Amino acid sequence: EVVMPGPGLDLVGDEELAELTEVIRSGHLSRYGPDDDSFPAKVRSFELSVAERAGVGHALAVNAGTSALYLALVGLGVGPGDEVIVPGFTYVATISSVVYARAVPVLAEIDGTFDLDPADVEARITPRTRAIVAVHMLGAPARIDELKAVAERHGLALIEDAAQAFGATHRGRWLGSIGDAGAYSFNEYKTITAGDGGMLVTSDDALFERCFAMHDQGQVQDGRGLAVPDAPALGLNFRMTEVQGALLVAQLRKLDRIREHLRHNRDRVWDMLQGLPGIDFRELTDRHGDLATHLVVVFPDAASAAAVTDELGSITLDHTGWHVYSQMGHLLSRRTATGRGCPFDCECHGSGVRYEVGMLPLTDALLARSMSFAIGVIDPNLAPYGLRMRDTADVADSRAQRFIDAYRKAVT
């Protein structure tokens, strides 16, 4: 049986096909088209729906979550000479988007939330710090109120990397809507998917205008794709196609079903596991708002974590490849596409920045004794063991029981 990576992909069917058929019959595959009924405008429709649900002024669909992060950074004025604080536990895209904005990524520790530790972030702020990227890792909200307070105290931009947390909330507010800008991803491992794709959300009108122009060759947002004589700046091309938009329009209608099902399965597994002596769980700043794609289990020590994950055919979180700074060889050796210029080889930064294994000891120690019990995302590089979207309560119970048996075998 084929294992579908993310919850949205597991539910692809006739609804997506109907939306795609409409786009193909229209003859319009680009996000731009005539202002009449012949053009379905799926990308625009998706943007408006997300903006409404997320409670933001603007949503900009792009080709990847990485692009959304990059746009947020450059749109907020991050560039050469700047530093941006990011967690050491995040997907590499968070870090590389900072590098290609030509700023220096400053790695900070995570805490029991498995997201940024606000106190450690504050300790790493220098006169060069320009922004903080709060990553809502594995679908659960970071300490976003505290991080926002730190950002405000120091006059810094706050970007939310909610690539893994589309549809998650904190105190009723959508993740991505709380900072200056938020980024979502729609690749096949994410909540909903078009195979690839991303989105930037913000309520800052000027920021949105800059990001729109940057995502489409300097185009001013007018919905028509007409040549604009006076573009605000040179741009690149990160546009989303109508084919992706069609898939996402259908997928968005399934979001409530996805969240409800995942949270139900998460609670079943959690209830079964929490009686185990010595087992702890990630601290959730908002259990109700957690997307519930992952249930992060914390073992008493690294040895028992290694033994249990081995027994289950899973991995501890320090072995999750490009989700952990210590396994990003290209970051550790500061390899960029050109090998020269900002941020690692230029006058404005000097050559002082170094990344090395062991530089975040608290993060390293926590990840070494933790694993994710997948609830809705089967990712071989992050959470190979657990449940997928379609799994029923009885499957949840049996997988949880297998974990319990493995734990008892390993620690006794």
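Calculation notes
Residues numbered from 1 in each chain as written. Predicted model: local features only at pLDDT ≥ 70, side-chain atom pairs only at ≥ 80, totals over all residues. Heavy atoms only, no water. Patch = residues over 30% accessible without salt bridge, like charges linked within 9 Å, V, L, I, M, F, W, Y side chains within 5 Å. Areas by Shrake-Rupley, 256 points an atom, 1.4 Å probe, with all protein chains shown as cover. Salt bridge = Lys/Arg side-chain N within 4 Å of Asp/Glu carboxyl O. Helix = DSSP H or I, 4+ residues; strand = E, 2+ residues; numbered from the N terminus. Buried < 20%, exposed > 50% of the residue type's maximum accessible area, 1.4 Å probe, protein only. Polar contact = N/O pair within 3.5 Å; in protein donor to acceptor, adjacent residues only side chain to side chain. Contact = heavy atoms within 4.5 Å. Core = buried A, V, L, I, M, F, W, Y, C linked by side-chain atoms within 4.5 Å. Pairing = 2+ DSSP bridges. Axes fitted to C-alpha atoms, helices over the stretch in contact; angles between N-to-C directions.

Caption draft 1: Region of interest: a nonpolar patch on the surface. On the surface, I24, L29 and V243 cluster together to form a nonpolar patch covering roughly 260 Å² of accessible area. Take I24: it is sitting in helix α2 (residues 14-26).

Caption draft 2: Region of the structure containing the side chain of T309. Its location among the elements puts T309 in helix α11 (residues 302-312). Since its relative accessible area comes to 4%, T309 is described here as buried. Among the polar contacts listed, one links the side chain of T309 to the backbone oxygen of A305, at a separation of 2.8 Å. Among the polar contacts listed, one links the side chain of T309 to the backbone oxygen of A306, at a separation of 3.1 Å. Not counting residues up to four positions away in its chain, the partners in contact with T309 are S314, I315, T316 and M371.

Caption draft 3: Structural view of the nonpolar core. With 129 residues, the main nonpolar core has Y184, L273, F373 and F403 as its most contacted residues. Excluding anything up to four places from it in sequence, Y184 contacts V50, A54, G65, A162, A163, F166, W174, L175, G176, G198, M199 and V201.

Caption draft 4: Quick look at the sheet that holds strand β8 (residues 181-185). If you trace the 7 strands from one edge of the open sheet to the other, you get β1-β9-β8-β5-β4-β2-β3, paired in mixed fashion. Lying at the two open borders of the sheet, with one neighbouring strand each, are β1 (58-62) and β3 (104-108). Adjacent strand axes in the sheet meet at a mean angle of 25 degrees, parallel and antiparallel pairs treated alike. Sheet topology places strand β5 (residues 157-161) next to β8; 3 bridges connect them, and they run parallel. Looking across to β8, one finds that E160 is bridged to G182.

Caption draft 5: Representation of the sheet that holds strand β10 (residues 280-281) within the structure. Taken in spatial order, the 3 strands line up as β10-β11-β12 in an open sheet, and their pairing is antiparallel. The outermost strands of the open sheet, each flanked by one partner alone, are β10 and β12 (370-374). In the sheet, β10 pairs with strand β11 (residues 294-298) via 2 bridges, with the strands oriented antiparallel. From the neighbouring strand, F281 faces β11, where its bridge partner is V297.

Caption draft 6: Here's a closer look at unusual backbone geometry. The residue after C342, namely P343, is reached through a cis peptide bond having omega 5 degrees. The residue P343 is located in the loop between α12 (329-332) and α13 (361-368) in this model. Residues other than glycine seldom take positive phi values, yet L138 does so here, at roughly 55 degrees. When its relative accessible area of 0% is taken as the criterion, L138 is described as buried. Notably, R334 is not glycine yet its phi reads approximately 55 degrees, a positive angle. Under the relative-accessibility criterion, R334 is labelled partly exposed at 21%.

Caption draft 7: Quick peek at the pattern of salt bridges. Counted by the stated rule, this structure contains 24 salt bridges. With a shortest N-O distance of 2.7 Å, R53 and D256 are connected by a salt bridge. One end of the pair, R53, is in helix α3 (residues 42-54); the other, D256, is in helix α10 (residues 255-273), and 203 residues separate them in sequence. Counted as one network, the salt bridges with shared partners bring together E19, E22, K42 and R253.

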